[in-house]
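# Per-entry structural report
Given next are the chains, with one letter for each unit.
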Amino acid sequence: MFTVRILEKIEQPGLDVVDLFRQIALQINEGTGSEQIPATFSSSVPYFSFNPSRVGSSSPPPVPSSTERLTASQFFDRGYDKYKQGDYRGTIENYTEAIRLKPDYAIAYNNRGLARERLEDYEGAIADYNQAIRLDPDYAFAYNNRGNARRKLEDYEGAIADFTQAIRLEPNAIRYNNRGLARLELEDYEGAIADYNQAIRLDPDYAHAYNNRGLARLELEDYEGAIADYNQAIRLDPDDASAYNNRGIARDELGDYQGAIADYTQAIRLDPDDASAYNNRGIARDELGDHEGAIADYTQAIRLDPDFAIAYNNRGIARDDSGDHEGAIADYTQAIRLDPDFAIAYNNRGIARDELGDYQGAIADFTQAIRLDPDYAHAYNNRGWSRYNLEEYEGAIADYTQAIRLDPDFAWPYYNRGIARDELGDYQGAIADFTQAIRLDPDFAWPYYNRGVARDDSGDHEGAIADYTQAIRLDPDYAWPYYNRGWAYKKQGNKERARADFLKAADLYQQQGNTEWYEIVIFQLRELD
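The present account deals with the structure reproduced in this document. (Residues numbered from 1 in each chain as written. Predicted model: local features only at pLDDT ≥ 70, side-chain atom pairs only at ≥ 80, totals over all residues. Heavy atoms only, no water.)

## Some words on the packing of aromatic side chains
For clarity, the cut-off: Pairing of aromatic rings covers Phe, Tyr and Trp, the last through its six-membered ring, and needs centres within 6.5 Å; plane angles under 30 degrees mean stacked, over 60 mean edge-to-face, and all others mean tilted. Classification of residues uses two cut-offs on accessible area relative to the type maximum, computed with a 1.4 Å probe and protein chains only: under 20% is buried, over 50% is exposed, and between them is partly exposed. Note on criteria: charge over ring means Lys NZ or Arg CZ within 6 Å of the ring centre, with the direction from the centre no more than 35 degrees off the ring normal.
For the coordinates displayed, the defined rule picks out 20 aromatic pairs. Centroid distance Tyr 509 to Trp 517: 6.2 Å. Interplanar angle 35°. Geometry classified as tilted. Judged by its relative accessible area of 1%, Tyr 509 falls in the buried class. Through a chain of ring-to-ring contacts, the aromatic side chains of Trp 412, Tyr 415, Phe 434, Phe 444 and Trp 446 assemble into a single cluster. Here the basic side chain of Lys 102 rests over the ring of Tyr 105, its NZ or CZ set 4.3 Å away from the ring centre.

## With respect to the packing of helix α19 (residues 377-389) against helix α21 (residues 411-423)
To keep it simple, the criterion reads: Angles run from 0 to 180 degrees between N-to-C directions of axes, and those axes are lines fitted to C-alpha atoms, restricted for helices to the stretch in contact. Strands here mean DSSP runs of E at least two residues long; helices mean DSSP runs of H or I at least four residues long; both are numbered from the N terminus. Relative orientations are named as follows: roughly parallel for angles under 35 degrees, roughly antiparallel for angles over 145 degrees, roughly perpendicular for angles from 65 to 115 degrees, and oblique for any other angle. Rotating anticlockwise by less than a right angle from the far helix to the near helix defines a left-handed crossing, while the corresponding clockwise rotation defines a right-handed one. The contact rule is simple, with two residues in contact once any of their heavy atoms fall within 4.5 Å. Ten residue types, Ala, Val, Leu, Ile, Met, Phe, Trp, Tyr, Cys and Pro, are classed as nonpolar, four, Asp, Glu, Lys and Arg, as charged, and the remainder, Gly among them, as polar.
Relative to each other, α19 and α21 sit at 20°, their axes nearing to 10 Å. One way to sum up the angle between α19 and α21 is to call them roughly parallel. For the crossing formed where α19 meets α21, the hand is left-handed. In this structure, α19 uses Asn 381, Trp 385 and Tyr 388 to contact α21, whose residues at the interface are Trp 412, Pro 413, Asn 416, Ile 419, Ala 420 and Glu 423. Looking at the contact of α19 with α21, its residues break down into six nonpolar, two polar and one charged.

## With respect to helix α9 (residues 207-219)
Along an α-helix, residues three or four positions apart point the same way, because every turn accommodates 3.6 residues. How we decide: Given the number of residues in a helix, its expected span is that number minus one, multiplied by 1.5 Å.
Across its 13 residues, α9 extends 19 Å between first and last C-alpha, which sits within 8% of the 18 Å expected from 1.5 Å per residue. Extensive coverage of α9 is indicated by the burial of 11 of its 13 residues. Where α9 is buried, its residues touch α7 (173-185), α8 (189-202), α10 (223-236) and α11 (241-253).

## Let's talk about unusual backbone geometry
If you check the backbone angles, Glu 154 has positive phi at about 65° while not being a glycine. With respect to the helices and strands, the residue Glu 154 is situated in the loop between α5 (140-152) and α6 (156-169). Positive phi, close to 65°, is recorded for Glu 187, a residue that is not glycine. Inspection of the secondary structure assignment puts Glu 187 in the loop between α7 and α8.

Structure (structure tokens):
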């Protein structure tokens, strides 16, 4: 059975074995312009325009008397001040008045668009940027900002077109970075890296571009290259929590769980309200077998973000690993409530139900996971196991066969199908499946053991002994191959070797607290005398 653990990706405007869905921070940027200043912090940087007449002015504009009418420029200045105060509706009202008085006021359209973005009115923002561009076709900042809004609406192709036009008009590091982010969303990792390279070439101290290039390298599984980029981002900006979080993910992927924990801990120190860093640290702790520590981290992530379905899923895994199957089911159920299309949570709840012997409930969950994700090979494999436990061997074989079709390099369904075929007396078919599982995973002791059983059942005692011996070599504490090899030696009349294997099996069963099989082996030893 396989449980899926998830690493959550942070986008900061910004498997059965282990299926990692990470939380990675995409960096914000800062930029300057001759008449624009950055006004929002997002994964791609919008530009806020101010009135050029106020450049260098340290005093606010004069406040008109109640009888004095405001000019377009004064409404503009009031809108700018409202924006700085975080009053985005007030910002929109003042820019609307400025535009009413001066219909060709391109900068006012641009800035009103930014305020609308702050209110998540992306369509309205785009309409304003469109108008700014209509009035000033060479307005690079408006193209950049429209690209940001399009990216938030997941129109990545449109965003790339806008960033490309902004670059054509006025190339700078920020616009290359922003285009890289849009390319990243389209999984064009090489293209994204090319853009980040250009951003870094134009601004060698651009910490966020290093962080974002690290993300693209992470997606390409270039973990060492990603770490190098995160190191540089941290050197340039030691207080950037997201770079520590991302480096932790790369270290986790390389199996450096202690290093990953250190990075997540630093990210948490810098940003104590970052639920994702707690989630990610929980994963690393779980990998080290510290289930209690992992549960504590997931619980904190949930406290910070009660709608964090992934953290519920991951806490469920830690509880399952700790033997608390009921608690795990409760967590998976909550993850599903928060995200009804969360196929992984259905799969994981099915595993917990199977562990409790609720095979029908498990099958229902695996079936739902498959409905949500028809290519989910692990869910087919897991449903096959529950069907096997109900002695539905033909149904189990059908599920294992589908898992193999979806993922031909997945060793487990071959192994499991071999067991089901052995139950049906198809020893040659079982041997073929175990052999394939061994080919895919040569260090997997169980297929050797079970192939030995199938060979024994088909009368090939020498072949069986060879397989049991290999299983023992791979896992010296695996009691069953000793016991079965003892039986094979007994069938050959080799009592001395049979006795040695039975004694070893009895010792292992006793160490493992398996009283029933310890007594069975002791009985076999007496039978040899």
